[in-house]
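Chain by chain, the residues run as shown.
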Amino acid sequence: MTKSRLRISLLVVVLSFLLQPSIYAQSSSSFDKQKLDAYFNKLVEKDKFMGSVAIASDDSDVYQKTVGYASKKREIQANSNTKYRIGSVTKTFTAAMIFQLIEEGNLSLDTRLADFYPQIPQADSITIEHLLRHQSGLYNFTSSSAYPNWMSEKKSTEELLALFRDSESQFSPGEQISYSNTNYVLLGFVIEDITGRSYAKELQKRIVDPLKLENTYYGGAIDMNNNEAFSFGFSGDSWSKAPETHMSIPGGAGAIVSTPDDLNDFIRALFKGKVVSEKSLDKMTDTKQGMGMGLMKIPFYNTYSYGHNGSIGGFNSSMSYFPTEGVALAVTSNAINYSMNDMLLGILSIYFGKEFEIPSFDQKTITLSKKEMQKYVGDYVSSQLPMDIKVFIDKSTLKAQATGQGAFPLTANSKTGFRFDPAGIKIKFDSLASKKYQQFQLKQGGGTFLFKRNK
């Protein structure tokens, strides 16, 4: 997920690499595999990551590494064929199937949502292209504060459509770009309406079978007997099992299960014309503010890749392809206690031979009493971002929560410095007055944003 309006998203961490001096193509045999192995070993040692990664060139598989457990309780180690929920990486598959239907003459980018679901707000003005580009203005239903309360429950198509119908639009279609899972759930429904078959069956017929993707399918309840991984969150000093999203909910926005090898095979095939036509791929990669149709453009030094990131119920994933270099990278994770953006930057820097020092992760952490935590508690606003952040105490943990997002714990480095590693967030409080801090600076993804206490 990504948004044109800057905001923290704990559902997806978007790649945002800064342009740097020239990069050169690395051959599949010359990069420092031992250093990359050492990087992952350090991530495991410091409880930062469990999951799987694969790098591939156009003509060969270059690197594969799997670390951690598919099930901590049963102490089952993950392997290269362990399947992970890939969250919003599903959107690239959905967009590809929509373009296949366009090529078959079943709809067009100008087709109106009202042709399928006239009950949805502004359906007469929302086109298929608006849905693909996140320009519909439809409210992102997973941002609702109530969503965590029912995400584990089965929902029918009718129930989800009623939810979308009753949610107020955020802006007029085409007016701006704002990431919304609602768009791609609806696109999944459109695929089912046109074909008369389930999304799962169309995925199998249109992409999985032709590309021989052995470990990719529409997910269900997590099944250890099928080598599927559970997901975990890090709390205190250990991993605990994360809540399981019911896969009737994310649909075309996030319900696929896969492996890094399969994701690399898919995105290479997409860019080699084996999934959609060149004309359709040009549309998918035609980006506005970095957002295409089912793909995002991701800069790295003086080159770039196209791809998508994903997050769902403790799972995180990334899939990208560098067309100039012919390199694909995919990561699937069921446990991460570190910024996905930083980890991907490390992987790519090592692969492309750029300067990169493996972090020690020996950051100082201090424990605050509840009385000390009261200095930070309050509502904070920013003139730079269209959101507020609430800081509060939950039992014995200091937490922060941005407008429309889930709460996240703050780890104290000092009396004024805090961090949330999974999203690469750093917060620095200052201006203590009347025993309350009056403001803080939030740093994430290369940006620094000032928040002041709302008096």
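Residues numbered from 1 in each chain as written. Predicted model: local features only at pLDDT ≥ 70, side-chain atom pairs only at ≥ 80, totals over all residues. Heavy atoms only, no water.

A tally of helices and strands in the protein yields 11 helices and 22 strands. Each of the 455 residues in the protein was classed as buried or not, and the buried ones make up 55%. For the protein, long-range pairs separated by at least 24 residues make up 65% of all intrachain contacts whose partners lie at least 6 apart in sequence. A total of about 19,200 Å² of accessible surface is found on the protein, and carbon and sulfur atoms cover 45% of it. A gap of 8 Å separates the mean positions of the 51 positive and 46 negative side-chain charges of the protein. (Helix = DSSP H or I, 4+ residues; strand = E, 2+ residues; numbered from the N terminus. Buried < 20%, exposed > 50% of the residue type's maximum accessible area, 1.4 Å probe, protein only. Contact = heavy atoms within 4.5 Å. Areas by Shrake-Rupley, 256 points an atom, 1.4 Å probe, with all protein chains shown as cover. Lys, Arg positive; Asp, Glu negative; His and termini not counted. Charge placed at Lys NZ, Arg CZ, Asp CG, Glu CD.)

Considering the arrangement of structural elements, one finds Thr303 in strand E11 (residues 303-312). Of the polar contacts made by the side chain of Thr303, one reaches the side chain of Glu325; its length is 3.0 Å. (Polar contact = N/O pair within 3.5 Å; in protein donor to acceptor, adjacent residues only side chain to side chain.)

Locating Gly406 in the fold gives a position in the loop between strand E16 (397-402) and strand E17 (408-409). A relative accessible area of 36% places Gly406 in the partly exposed class. Sequence spacing of Gly406 and Leu163 is 243 residues, and the spatial spacing of their C-alpha atoms is 19 Å.

Residues Phe93, Leu113, Leu132, Leu186, Ile207, Phe266 and Leu270 are the most contacted members of the largest nonpolar core, which totals 61 residues. With residues up to four places along the chain from it excluded, the contact list for Ile207 reads Phe93, Ala96, Met97, Glu202, Leu213 and Phe266. With 29 residues, the next largest nonpolar core counts Phe31, Met343, Tyr351 and Phe352 among its residues. (Core = buried A, V, L, I, M, F, W, Y, C linked by side-chain atoms within 4.5 Å.)

The subject of this paragraph is helix H7 (residues 199-211). In a regular helix each residue adds 1.5 Å, so 13 residues correspond to 18 Å; H7 covers 17 Å between its end C-alpha atoms and thus fits that length. The principal kink in H7, of about 35°, is found at Lys205. Regarding H7, the residues found buried are Tyr199, Glu202, Leu203, Arg206, Ile207, Val208 and Leu211. Contacts made by the buried residues of H7 are with helix H2 (90-103), helix H6 (181-195), strand E6 (217-218), strand E9 (256-258) and helix H8 (260-271). (Expected span 1.5 Å × (residues − 1). Bend = angle between axes of the 7 residues up to and from the residue.)

When pLDDT is averaged along the protein, the result is 91; 93% of the residues meet or exceed 70. In the predicted structure, residues 1-25 sits below a pLDDT of 50 and forms 94 contacts with residues beyond four places in sequence or in another chain. (pLDDT = per-residue confidence, 0-100.)

What follows deals with the sheet that holds strand E10 (residues 296-300). Judged by pairing direction, the sheet is antiparallel, and its 6 strands sit side by side in the order E2-E1-E13-E12-E11-E10 without closing on themselves. Edge positions in the open sheet fall to strand E2 (61-67) and E10, since each of these has one partner strand only. Averaged over neighbouring strand pairs, the angle between their axes works out to 20° when direction is ignored. The pairing of strand E12 (residues 315-322) with strand E13 (residues 327-336) spans 7 bridges and is antiparallel. Residue Tyr321 lies in a different strand from E13, and its bridge partner there is Ala328. Relative to E2, helix H1 (residues 33-45) is tilted by about 20°, and along the sheet it contacts strand E1 (49-57) and E2. (Pairing = 2+ DSSP bridges. Axes fitted to C-alpha atoms, helices over the stretch in contact; angles between N-to-C directions.)

Attention now moves to unusual backbone geometry. Phi angles above zero are rare outside glycine, and Asp47 is one such case at about 55°. Position of Asp47 among the secondary structure elements: in the loop between H1 and E1. The class of Asp47 is partly exposed, set by a relative accessible area of 28%. Of note in the backbone geometry, Phe361 takes a positive phi value of approximately 60° without being a glycine. Relative to the elements of secondary structure, Phe361 occurs in the loop between helix H10 (340-351) and helix H11 (370-373).

Moving on to the environment of Thr416. Relative to the helices and strands, Thr416 resides in the loop between strand E18 (411-412) and strand E19 (417-420). Considered as a pair, Thr416 and Lys428 are 12 residues apart in the sequence and their alpha carbons are 5.6 Å apart. Apart from residues lying up to four places away in sequence, Thr416 is in contact with Tyr376, Ile427, Lys428, Phe429 and Tyr437. Among the polar contacts made by the side chain of Thr416, one reaches the side chain of Lys428 at a distance of 3.0 Å.

Taken as a whole, this structure holds 33 aromatic pairs when the rule is applied. Pairing Phe40 with Phe49 gives two aromatic rings, centres 5.8 Å apart and planes at 45°, and the pair type is tilted. The same class applies to Phe40 and to Phe49, which are both buried. Here Phe418 and Phe429 contribute two aromatic rings whose centre-to-centre distance is 5.6 Å and whose plane-to-plane angle is 85°, an arrangement assigned as edge-to-face. With Phe418 in strand E19 and Phe429 in strand E20 (residues 425-433), this pair connects stretches of sequence that are 11 residues apart. When sorted by exposure, Phe418 lands in the same class as Phe429, which is buried. By the ring-pair criterion, three or more aromatic residues cluster together here, those being Phe31, Tyr63, Phe300, Tyr301, Phe322, Tyr351 and Phe352. When the ring centre of Tyr304 is taken as origin, the NZ or CZ atom of Lys297, which lies over that ring, is 4.3 Å away. (Phe/Tyr/Trp six-rings, centres within 6.5 Å; stacked < 30°, edge-to-face > 60°. Lys NZ or Arg CZ within 6 Å of the ring centre and 35° of its normal.)

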